[in-house]
Amino acid sequence: RSFYSDNSIQKRDYQNEIEACQIYCYGELLHTVQMAHLFADSKTFVDRKLKNTPAETIANFQTFMAAKNNSPTQDEIREFVENNFDDLGKEFVPWEPTDWVEHPAFIDNINDPDLKQWGVDLNAIWKDLGRKMIDDVHTNPHFYSIIPVDNPVIVPGGRFIEFYYWDSYWIIRGLLYSQMTHTARGMLENFMSIVRRFGFIPNGGRIYYAQRSQPPLLAAMIKSYVEFTKDTQFAVQSLEVLEHEFEYWMNNHTVQAKGYNVCAYGGISPGPRPESYREDIETSKAFVTDAEKEEHYAELKAAAESGMDFSSRWFINDKGEQTGDLTHLKTRSIVPVELNAILHWNAKIIAEFYRLAGNNSKAEEYENKAAKILEAIEAVHWNEEAGVWLDYDLINNKSRNYFVPTNLAPLWTMSYNLNDSEKISKSVLKYIEKLELDKYPGGVPNTLYRTGEQWDFPNVWPPMQYLLIKGLENLGTTESKELSVKWGHRWVKSNFQAYSETRAMFEKYDAERFGGHGGGGEYDVQKGFGWSNGVIIEFLDKYGRNITLPGNGGNDGGKLKMWSVIGITAFAVIAVVVGRLLI
Ligand SMILES: OC[C@H]1O[C@H](O[C@H]2O[C@H](CO)[C@@H](O)[C@H](O)[C@H]2O)[C@H](O)[C@@H](O)[C@@H]1O
């Protein structure tokens, strides 16, 4: 796989950004500092600014190592870092979005007073999550790991102080519902400039993320923006970049399954993830040869590219099953449903934008590409027996019949024959019933396996709840829409419960506890949180008129029913006992 696809877009020189890579992406200095375990979170080191140029820093490091006979102590390494690196966050200035409004229209769609106040609070959090880069980042990018972009961004929050690619889809939708179209447009323009520079969009806004991407949702972000603003000219202007990104995925991620061309996640850089360097070295100890270790790093990075880092979804053990641990990661050999569904969506959006541009032959070209991907999705992913789409295992040449919300991704992207809606609805609802996916008070879990990894049971992730809820709504049958609304209301209420107890929005939640937040994985659960807020703001706009919290006169569904059953049963038992005593 080559780093770039070879179509025509003119990439700007980004040598300065690459220069910083010798500090932040690979090499002895990175190895020595990260293996010294100076910080509780490995990401801390690679986010710190340099005090000198990369070349001077490397020279200082060589002198330092020679003076310490190549075996410095942890304290000495700490001193080296303090002498050569600045504190975290030096790349930003405080910034309040200029288009922020106190009372966006979605608030008027909320009836319940507590939910209304929550909507106001969530809208205010955008101000905490905004980041604007200082001018020095643009003049001296080689002093920073941050990727320079012209416009301010909204970040996820917590340890994530830079943009993340797929998070931005839900963030941008939240911004649009909050009437912050200017901020949303700025983020889109940043992404477009990044595609021009790098050829694709990195996982996140740091140079150490620049050799892998995340689920390609730029086209869907631009479509959302155009739907809100009616700015069809922007759609047309974005075509060159969208086409380029689409071709990048097709040229660099295509594999063959059942004789069809489909896409799979896969990074292309050697070595451990810089931001989790020590963690990756640790898991690689299960492997003997350097070649095996490299394969393991590539699997870890491919999983990070999927956005689901980490999950049993990507495990294939010797029996061809999903039980195991990180040493069983085989991400690159699993064809993921949502990636192909999203690429189908991309092709449809590009075709639609070409029609807007009046370029019918290009529109047809992309309609044909979309039709080809759809054909592959039906052949490779649809599984008649399971009644749903499934990931495909390229090692054992078989479908992977394990639950992941992405098994329903084609409903979200409308990647199925729309004439089959009734049939698909029956089949998918039967699948949901069989797996009892509706039984969890805190939302639908990401998998049904408890591994301690953050994208496994019992964690529930906002983007995945969105995918399910929106997908069932799109399917459009009475039953699918009913379940969609039920899950939508539950998600709002459960997030609100967590918020009212902690005053925080979390990056992930807990399927087993109504109002509980998630955990596990390699870092602590983060608060903020971009995609969580975006999803809830959209759902408050959609469902706000129909939800009343129990304390304000509404019922709380399951709980209320449970207490009525307990009450009636207790009353009947007492009546029988009293009756017997009287006799
Ligand atoms: O540092 C560990 C990993 O952190 C990121 O992944 C998680 O947070 C992202 C931001 O919210 C989210 O997009 C991703 O789905 C999460 O798993 C980062 O994206 C990874 O590359 C990184 O290794």
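By convention here, each chain's residues receive numbers from 1 onward along its written sequence. Since the coordinates come from a predicted model, pLDDT governs what is reported: local features require at least 70, and pairs of side-chain atoms require 80 or more to be given and counted, while whole-chain, interface and lining totals use all residues. Side-chain numbers here rest on the full set of heavy atoms in the structure, without hydrogens or water.

An unreviewed UniProt entry annotates the protein chain as Trehalase of Musca domestica. UniProt positions are given in the numbering used here, feature names are shortened, and annotations may be inferred rather than shown by experiment. UniProt, in the comment section headed Sequence similarities (unreviewed entry), describes the protein chain in these words: "Belongs to the glycosyl hydrolase 37 family." As its UniProt record puts it under Catalytic activity (unreviewed entry), the protein chain is described as follows: "alpha,alpha-trehalose + H2O = alpha-D-glucose + beta-D-glucose".

## Comments concerning the nonpolar core
A general feature of soluble globular proteins is that nonpolar side chains tend to end up buried together. Only buried Ala, Val, Leu, Ile, Met, Phe, Trp, Tyr and Cys residues count toward a nonpolar core, and they belong to the same one when joined by side-chain atoms within 4.5 Å. Throughout this description, buried means an accessible area under 20% of the type-specific maximum (1.4 Å probe, protein chains only), exposed means over 50%, and partly exposed covers the range between. The biggest cluster of nonpolar side chains holds 174 residues, and the ones touching the most others in it are Trp118, Leu217, Leu218 and Trp389. Helix and strand definitions here come from DSSP, where helices need a minimum of 4 consecutive H or I residues and strands a minimum of 2 consecutive E residues; each element is numbered from the N-terminal end. Here this core gets twelve residues from one element, more than from any other, and that element is helix α16 (residues 337–356). Not counting the four nearest positions on each side in its chain, Leu217 is found in contact with Tyr165, Trp166, Tyr169, Trp170, Ile342, Trp345 and Trp412. Core analysis: the second largest hydrophobic core is formed by eight residues, Ala257, Val262, Val380 and Tyr392 among them. Note on contacts: a residue pair qualifies if any of its non-hydrogen atoms lie within 4.5 Å across the two residues.

## Re the state of the cysteines
The definition used for a disulfide is geometric: two cysteine sulfur atoms within 2.5 Å. Tallying each qualifying case throughout the model produces one disulfide. With a sulfur-sulfur separation of 2.0 Å, Cys21 is cross-linked through a disulfide to Cys25. Disulfide Cys21-Cys25: the torsion about the S-S bond is -85°, which places it as left-handed. An identical accessibility class is assigned to Cys21 and Cys25; each is buried.

## Comments concerning the site of the ligand
Taken together, 21 residues surround the ligand, and among them Asp167, Asn203, Glu275, Gly307 and Asp309 come closest. Any pair of nitrogen or oxygen atoms within 3.5 Å is treated as a polar contact; in protein, a donor-acceptor pairing is required on top of that, and neighbouring residues in sequence qualify only through side-chain atoms on both sides. In this structure, Asn203 approaches the ligand through a side-chain N or O atom, which is 2.7 Å from an oxygen atom. Side-chain polar atom of Gln454 to an oxygen atom of the ligand: 3.4 Å apart, as the coordinates give it. Here the accessible surface of atoms and residues is derived via Shrake-Rupley with a 1.4 Å probe, and residues count as covered only by protein chains that are part of the display. For the ligand, the accessible surface in isolation is 480 Å², of which the surrounding protein chains cover 100%. Residue composition of the shell around the ligand, grouped by class: nine nonpolar, five polar and seven charged. A cutoff of 4 Å decides nearness: a residue is near a molecule or strand if any of its heavy atoms lies inside that distance of it. Gly counts as polar in this scheme, as do all residues outside two lists: the nonpolar Ala, Val, Leu, Ile, Met, Phe, Trp, Tyr, Cys and Pro, and the charged Asp, Glu, Lys and Arg.

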